[in-house]
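# A look at the structure
Here's the letter readout for the chains.
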Amino acid sequence: MDIEIFPHRVLGSDTTEKLLSDLESLEDVRRTVIQGPRFPKGEATLPPQYRERRVINVNGENVVLQVKTARIFIELTMESTIDEIRKICEKYIPFGFDINQDRSHYIRKQKTVTDRIKYGNKELPDELVGMTDQYSTFDDHVKIIKKDD
């Protein structure tokens, strides 16, 4: 099952880093996708304290944050995990959020024409299906965070 976390405000880099670390530490979370507007191109000219595009650390993995976090999609196997996710969100998103379960799939699960164009006829691992952006290179926008087995 997939859920959508929809904060009532766009999240900053620090909040995103803490929230994703706690969400990714949950055993039942299979995949997490963040969505939002890209950071402005002129951000590099801002003083460092105002820059949001930076490297964040999620469970020991460095990830370049390239978008403002407006939505978070999470793939789960058990509905009971939603209660744990709600507690984490209450900790980091005090201004409010919604957790939506309206759709059975927020993250694509089947290979599409876009995937075939991007990767060719190669066998695509399940965790990469639905992670393509036809306008960018794969390495720029997807970071796979391995869980300890």
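Residues numbered from 1 in each chain as written. Predicted model: local features only at pLDDT ≥ 70, side-chain atom pairs only at ≥ 80, totals over all residues. Heavy atoms only, no water.

Of the regular secondary structure elements, the protein holds four helices and six strands. When the helices and strands of the protein are listed from N to C terminus, the series reads β-α-β-β-β-β-α-β-α-α. For the protein, buried positions account for 38% of its 149 residues. Within the protein, counting contacts between residues at least 6 apart in sequence, those at least 24 apart form 73% of the total. Of the roughly 9,400 Å² that the protein leaves accessible, carbon and sulfur atoms contribute 48%. (Helix = DSSP H or I, 4+ residues; strand = E, 2+ residues; numbered from the N terminus. Buried < 20%, exposed > 50% of the residue type's maximum accessible area, 1.4 Å probe, protein only. Contact = heavy atoms within 4.5 Å. Areas by Shrake-Rupley, 256 points an atom, 1.4 Å probe, with all protein chains shown as cover.)

Scored by pLDDT, the protein comes out at a mean of 80, with 66% of its residues at no less than 70. Element-level pLDDT for the protein is lowest in helix α4 (residues 138-141), with a mean of 54, against a maximum mean of 96 in helix α2 (residues 81-92). (pLDDT = per-residue confidence, 0-100.)

In this section: the pattern of salt bridges. Under the criterion given, the structure shown has six salt bridges. Residues Arg71 and Glu4 are paired through a salt bridge, measuring 3.3 Å at the closest nitrogen-oxygen approach. Of this pair, Arg71 sits in strand β5 (residues 71-75) while Glu4 sits in strand β1 (residues 2-7), and the two are 67 residues apart along the sequence. By relative accessible area, which is 6% here, Glu4 ends up buried. Where Asp14 meets Arg54, a salt bridge forms, and the shortest distance between an N and an O atom there is 2.5 Å. With Asp14 in helix α1 (residues 13-24) and Arg54 in the loop between β2 (31-35) and β3 (55-58), this pair connects stretches of sequence that are 40 residues apart. (Salt bridge = Lys/Arg side-chain N within 4 Å of Asp/Glu carboxyl O.)

Before going further, it helps to examine α1. For α1, spanning 12 residues, the distance from its first C-alpha to its last is 16 Å, which sits close to the expected 16 Å at 1.5 Å a residue. Every buried residue belonging to α1 is among Ser13, Thr16, Glu17, Leu19, Leu20, Ser21, Leu23 and Glu24, and all of these are buried. Contacts made by the buried residues of α1 are with β1, β2, β3, β5 and α2. (Expected span 1.5 Å × (residues − 1).)

The biggest cluster of nonpolar side chains holds 18 residues, and the ones touching the most others in it are Ile5, Leu19, Leu23, Ile74, Ile85 and Ile93. At the level of elements, β1, α1, β5, α2 and β6 (97-100) are the ones that each hand at least two residues to this core. With five residues, α2 is the largest single contributor of residues to this core. If near-sequence neighbours (up to four positions away) are discounted, Ile85 is found in contact with Ile3, Ile5, Leu23, Leu26, Ile74, Leu76 and Ile99. Residues Leu20, Phe39, Ile56 and Val58 belong to the second largest nonpolar core, which totals six residues. (Core = buried A, V, L, I, M, F, W, Y, C linked by side-chain atoms within 4.5 Å.)

In sheet architecture, strand pairing relies on hydrogen bonds along the backbone and comes in two forms, parallel and antiparallel. Ordered by their spatial adjacency, four strands build an open sheet running β2-β5-β1-β6, and the pairing between neighbours is antiparallel. Of all strands in the sheet, those with a lone pairing partner are β2 and β6, marking the two edges. With strand direction ignored, the average angle separating the axes of adjacent strands in the sheet is 15°. Two strands pair when backbone bridges link them, and β2 and β5 are joined in this way by five bridges, in the antiparallel orientation. Within the sheet, the bridge partner assigned to Thr32 lies in β5 and is Ile74. The strands touched by α2 within the sheet are β1, β5 and β6, with β6 carrying the most contacts at an inclination of about 165°. (Pairing = 2+ DSSP bridges. Axes fitted to C-alpha atoms, helices over the stretch in contact; angles between N-to-C directions.)

The next thing to look at is the environment of Phe97. Of note, Phe97 is situated in strand β6. The class for Phe97 is buried, based on a relative accessible area of 14%. Taking the C-alpha atoms as reference points, Phe97 and Arg71, separated by 26 residues in sequence, lie 9.8 Å from one another. Contacts of Phe97, omitting those with residues within four sequence positions, involve Phe6, Pro7, His8, Arg86, Cys89 and Glu90.

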